[in-house]
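Structural overview for review
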Amino acid sequence: MKFYVTTPIYYVNDIPTVGHAYTTVACDVLARYHRLRGDDVLFTTGTDENAEKNVRAAEAQGIDSKRFVDKMADRFRQEWRGLGISYDDFIRTTEPRQQEAVQAFFDTIYESGDLYLDEYEGWYCVSDETYFREEELIEGRCPNPECGKKVEWMSEPAHFFRLSKYEGALLDQIEKDPGWLLPEFRKNEVVNFIRGGLRDVCISRQSDWGIPLPASIPDSEGHVIYVWADALVNYLTCAGYPADAERFERYWPADVHVMAKDIFVRFHATLWPAMLMSAGLSLPTRIVAHGWWTQGGEKISKSRGGTVPRPGPVLDMLMEETGCSRPRAVDALRYYMLRQVPFGQDGEFTGEALLVRYADDLANDLGNLLHRVLPMVHRYRQGRIPATSEAEPELHEAAKTAVRGWEKAVSTLDFRGGLEATWEFLRAANRYVDQKAPWSLAKSDDEKALDRVLYSAAEAIRVAACLVAPVMPDAAAEIERQLGLGAWERSWQQASEWGLLPGGSEAGQPKPLFPQLEAAKPAVSAGEQAAPKGRGSTEEQVMISFKEFQKLDLRVGEIVSAERVPNADKLLKLSVDVGDETRTMVAGIALSYKPEELVGRSVVVVANLEPATIRGVRSEGMILAGWVEGDDESISIVAPDRPVPKGSVVS
Ligand code: ME8
């Protein structure tokens, strides 16, 4: 099966925002998913360079237009590489192959009688590169609420495309193919737009920047093709049109064009299919519009000015706040964008929401599963995945449900639904580990039961890696490395199979997948995670100076009372006398200590830790303990070797 997916080609008047990254990541996920299925994928993106607004941006920087677009196209490539975008083709509309395709295409349209010369008199918005009728303007400005810029009067001879001729054919197409335009509610906007009456579109301008109208068309001299009519043809060019007939036969029509709602109704769902009908070419199989990322309720846009969220600074922030590596920050950003809002809807982009997703979904649900299971494989089975023929069927069922969930979701570009199905499975796997309590089995002599639980949990992690791979390729590869599957040939098929992890194979060394600096942990996650993480919890070890160390107020305290925190298996509420006062502290040590055995014990306390509310209890400090990461029963509190008075300094 072939699968051809396209992003819009972006204007290069400025570098991309998280909005451009969103569409590009979504298409990348589709491409990676289809490659995993074994499909022959063509995934294209690129830059729309023949626009007047690019020329003006170059002028504003005092750079020659060609040099400017060259530089910006490189920037786009660089940005996409930095986000793990696996495009197969990057097209620039200033390339000769685009000129060849556009001219061949307009020759065909001319031959079909759909081009004619007339006088254009009307308004043009350079920012939107769109023609407007007088009555469409709002107070004399561009009617697009996100733009509202001054429009320019144009009066010149121009070539027109008979768009009006295709009203009926477009409405028929929409009716006969219900899945053609997505989402459903936007389809109605298209229908209303077409029913409102389509006017013929001016498709040439008198300019020297752009692709010349073919000389074979009468009165073409001095005319370049309207930038939208040029840009849309890129989808054909990348498929090999017109020169490579074999390639074109293979990939056209595109399986899905993806974009935001701004360029859906007028351009992709109306003008483009009408142009294709005129040229006698097949229509794309699906055209899908997602919503906008907003900030303060306004669309995030290149031209908005101020601090526009761009991928680079967002990644820097993530790395700084969590201590994760760049590839893992990329994974987290990709995940956040696709998980946070339903694909067709707008969503507010915030660093806070991204950090919460990181902590709760990635560090906690996904990361913890790996870091509970792998250390136990090392501890109880000397680092070898147990060999067992009794992998848990109940977990296999959960895995199959998740796979079906993804497959259904991908067919409608419901990325959020796909990820929710995956997380349902991760939660089931975490519950399985909780219920089977391998740390208790390790104390019994039921070796087979322990083998089965460890194997099944590790197998669930293998499946999880496969499910998250299209969205988080780096994390998936790291999970496989830690499972000892370094040279594993991953395929989608393997996500529904069970028992593929080779028993007896050697697991890799555990390393936090989505590390989290202590300071960045939200109180609620810290509570649920129960036990504090070890020093190795940051992926790259952070060195601190002695001066920084001295900022810690470490003191000896004495536990005065201890009780369980209701509805939290792992938490104890302690009263600790730290010399001059008694503080309440919540500690995740309940699986290792009974409350009554703690009273009167000396402990080492971090006395100047910011208070946090954990499960409704305000915790004013932290006691130190050692533990085997992932094993909540191995916690051992740190205490002075010989008696020292309460409140003594620890340094
Ligand atoms: O329109 N939220 O280029 P462009 C979501 N060159 N998506 C966003 C977004 C946001 N805030 N901001 C941008 C053009 N996008 C034409 C396209 S195609 C033949 C020609 C994404 O640079 C989204 O995909 O203005 C939107 O449709 C596209 O960038 C617009 O990019």
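This one's a predicted model, so the numbers in the text were calculated from it and none came from an experiment. (Residues numbered from 1 in each chain as written. Predicted model: local features only at pLDDT ≥ 70, side-chain atom pairs only at ≥ 80, totals over all residues. Heavy atoms only, no water.)

Of all hydrophobic cores here, the largest spans 119 residues; its most connected members are Phe425 and Met472. Tallying contributions element by element places helix α17 (residues 447–468) first for this core, with 15 residues. The residues that make up this core include at least three from each of domain 1 (2–304) and domain 2 (315–495). Among all residues touching Phe425, those that are not within four sequence positions of it are Leu395, Ala398, Ala399, Ala402, Ala460, Val463, Ala464 and Leu467. Counting residues in each nonpolar core, the second largest holds 69 residues, with Val126, Ala158, Leu198 and Phe248 among its members. (Core = buried A, V, L, I, M, F, W, Y, C linked by side-chain atoms within 4.5 Å. Buried < 20%, exposed > 50% of the residue type's maximum accessible area, 1.4 Å probe, protein only. Helix = DSSP H or I, 4+ residues; strand = E, 2+ residues; numbered from the N terminus. Domains from an automatic or database assignment. Contact = heavy atoms within 4.5 Å.)

Around the ligand, the structure places 25 residues, and the nearest of them are Ile9, Thr23, Asp48, Ile300 and Lys302. Tyr11 places a main-chain nitrogen or oxygen 3.0 Å from an oxygen atom of the ligand. When the free accessible area of the ligand is taken as 670 Å², the share hidden by the protein chains comes to 96%. The set of elements that each furnish at least two residues to the shell around the ligand consists of β1 (2–11), α1 (18–36), α7 (227–232), α8 (234–238) and β11 (256–260). Considering each element in turn, the shell around the ligand owes the most residues, four residues, to β1. Classifying every residue of the shell around the ligand by side-chain character gives 14 nonpolar, seven polar and four charged. (Near = heavy atom within 4 Å. Polar contact = N/O pair within 3.5 Å; in protein donor to acceptor, adjacent residues only side chain to side chain. Areas by Shrake-Rupley, 256 points an atom, 1.4 Å probe, with all protein chains shown as cover. Nonpolar A, V, L, I, M, F, W, Y, C, P; charged D, E, K, R; others polar.)

A few words now on helix α14 (residues 393–411). Over its 19 residues, α14 runs 27 Å from end to end, which matches the ideal 27 Å to within 8%, given 1.5 Å per residue. Among the residues making up α14, those that are buried are Leu395, His396, Ala398, Ala399, Ala402, Val403, Trp406, Ala409 and Val410. Down the axis of α14, the smallest arc covering the buried residues is 160 degrees, so these residues share one side. Residues of α14 that are exposed and point over 90 degrees away from its buried face: Pro393 and Lys408. Its buried side turned inward, α14 meets α1, α15 (415–436), α17 and α19 (493–496). Phi turns positive, to about 55 degrees, at Leu413, one or two residues after α14. (Expected span 1.5 Å × (residues − 1). Arc of directions from axis to C-beta.)

Here the second largest pocket defines a volume of roughly 1,200 Å³. What lines the second largest pocket is a set of 50 residues, and nearest its centre among them are Asp128, Asn144, Asp262, Ile263 and Lys299. Secondary-structure elements contributing two or more residues to the lining of the second largest pocket are β1, α1, β5 (130–132), α6 (184–195), α7, α8, α10 (264–279) and β14 (298–299). Each residue belonging to the lining of the second largest pocket can be placed in one class, and the counts come to 21 nonpolar, 14 polar and 15 charged. (1 Å grid on protein atoms, 1.4 Å probe; cavity = no way out; pocket = protein on both sides within 12 Å on 5 of 7 lines; lining within 4 Å. Points joined across faces, edges and corners; volume = space filled by probe spheres on them.)

Okay, the packing of α6 against α10 next. Two elements in contact, α6 and α10, have axes separated by 10 Å at closest approach and are oriented at 80 degrees. Between α6 and α10, the interaxial angle falls into the category roughly perpendicular. Where α6 abuts α10, its residues Arg186, Glu189, Val190, Phe193 and Ile194 lie against Phe264, Val265, Arg266, Ala269 and Thr270. Each residue belonging to the contact of α6 with α10 can be placed in one class, and the counts come to six nonpolar, one polar and three charged. (Axes fitted to C-alpha atoms, helices over the stretch in contact; angles between N-to-C directions. Parallel < 35°, antiparallel > 145°, perpendicular 65-115°, else oblique.)

Once that is clear, we can look at empty space enclosed by the protein. By the definition in use, this model includes two cavities of 30 Å³ or more. If you go around the largest cavity, you meet 13 residues; those closest to its centre are Asn50, Glu52, Arg205, Trp209 and Val224. Residue classes in the lining of the largest cavity are distributed as seven nonpolar, three polar and three charged.

Scanning the model with the defined rule gives 31 aromatic pairs in all. Considering the side-chain rings of Tyr87 and Phe90, the 5.6 Å spacing of their centres and the 55 degrees angle between planes classify their relative orientation as tilted. Ring pairs connect the aromatic residues Tyr4, Phe105, Phe106, Tyr235, Tyr241, Phe248, Trp252 and Trp272, which therefore count as one cluster. Lying over the aromatic face of Tyr251, Arg250 brings its terminal NZ or CZ to 5.8 Å of the ring centre. (Phe/Tyr/Trp six-rings, centres within 6.5 Å; stacked < 30°, edge-to-face > 60°. Lys NZ or Arg CZ within 6 Å of the ring centre and 35° of its normal.)

Before going further, it helps to examine the domain arrangement of the protein chain. In terms of domain boundaries, the protein chain breaks down into domain 1 (2–304), domain 2 (315–495) and domain 3 (546–650). Computed from C-alpha coordinates alone, the two centres of domain 1 and domain 3 are separated by 61 Å.

The subject of this paragraph is the packing of helix α11 (residues 311–322) against helix α13 (residues 351–381). The contact between α11 and α13 brings their axes to 11 Å, and the two run at 50 degrees. One way to sum up the angle between α11 and α13 is to call them oblique. In this structure, the crossing between α11 and α13 has a hand that is right-handed. Where α11 approaches α13, its residues Val314, Met317, Leu318, Glu321 and Thr322 are matched on the opposing element by Gly351, Leu354, Leu355 and Tyr358. Residue composition of the contact of α11 with α13, by class: six nonpolar, two polar and one charged. (Left-handed = near helix turned anticlockwise from the far one by under 90°.)

Time to look at the sheet that holds strand β13 (residues 293–295). Spatially, β14-β13-β15 is the arrangement adopted by the three strands of the open sheet, whose pairing is mixed. Looking at which strands have only one partner, the edges of the open sheet turn out to be β14 and β15 (347–348). Bridge analysis of β13 against β14 gives two bridges, and the strand direction is antiparallel. In the sheet register, Thr294 faces β14, and the bridge partner there is Lys299. (Pairing = 2+ DSSP bridges.)

The next subject is the sheet that holds strand β17 (residues 572–577). Across the sheet, which stays open at both edges, the five strands sit in the order β18-β17-β16-β19-β22 with antiparallel pairing between neighbours. The open sheet has two free edges, formed respectively by β18 (582–587) and β22 (622–623), since each of these has just one partner strand. Looking at chain direction, strand β16 (residues 554–564) and strand β19 (residues 602–606) are connected through five bridges and run antiparallel. Within β19, the position partnered with Val556 by the bridge is Val604.

Once that is clear, we can look at the pattern of salt bridges. On inspection of all chains with the given rule, the structure shows 44 salt bridges. Put simply, Asp114 and Lys165 hold a salt bridge, and the shortest N to O gap is 2.6 Å. Residue Asp114 is located in the loop between α4 (96–111) and β4 (115–125), and its partner Lys165 is located in the loop between β6 (152–161) and α5 (167–176); the two are separated by 51 residues in the primary sequence. The partly exposed category is assigned to Lys165, whose relative accessible area is 47%. Between Glu136 and Arg266 there is a salt bridge; the shortest N-O distance is 3.2 Å. Placement of Glu136 in the loop between β5 and β6 and of Arg266 in helix α10 is noted, with a sequence separation of 130 residues between them. One connected set of salt bridges, linked through shared partners, spans Glu49, Lys66, Asp70 and Arg92. (Salt bridge = Lys/Arg side-chain N within 4 Å of Asp/Glu carboxyl O.)

With that settled, consider the environment of Tyr336. For Tyr336, the position within the fold is in helix α12 (residues 326–340). Sequence spacing of Tyr336 and Asp361 is 25 residues, and the spatial spacing of their C-alpha atoms is 9.6 Å. Apart from residues lying up to four places away in sequence, Tyr336 is in contact with Trp293, Glu348, Phe349, Thr350, Ala353, Leu354 and Arg357.

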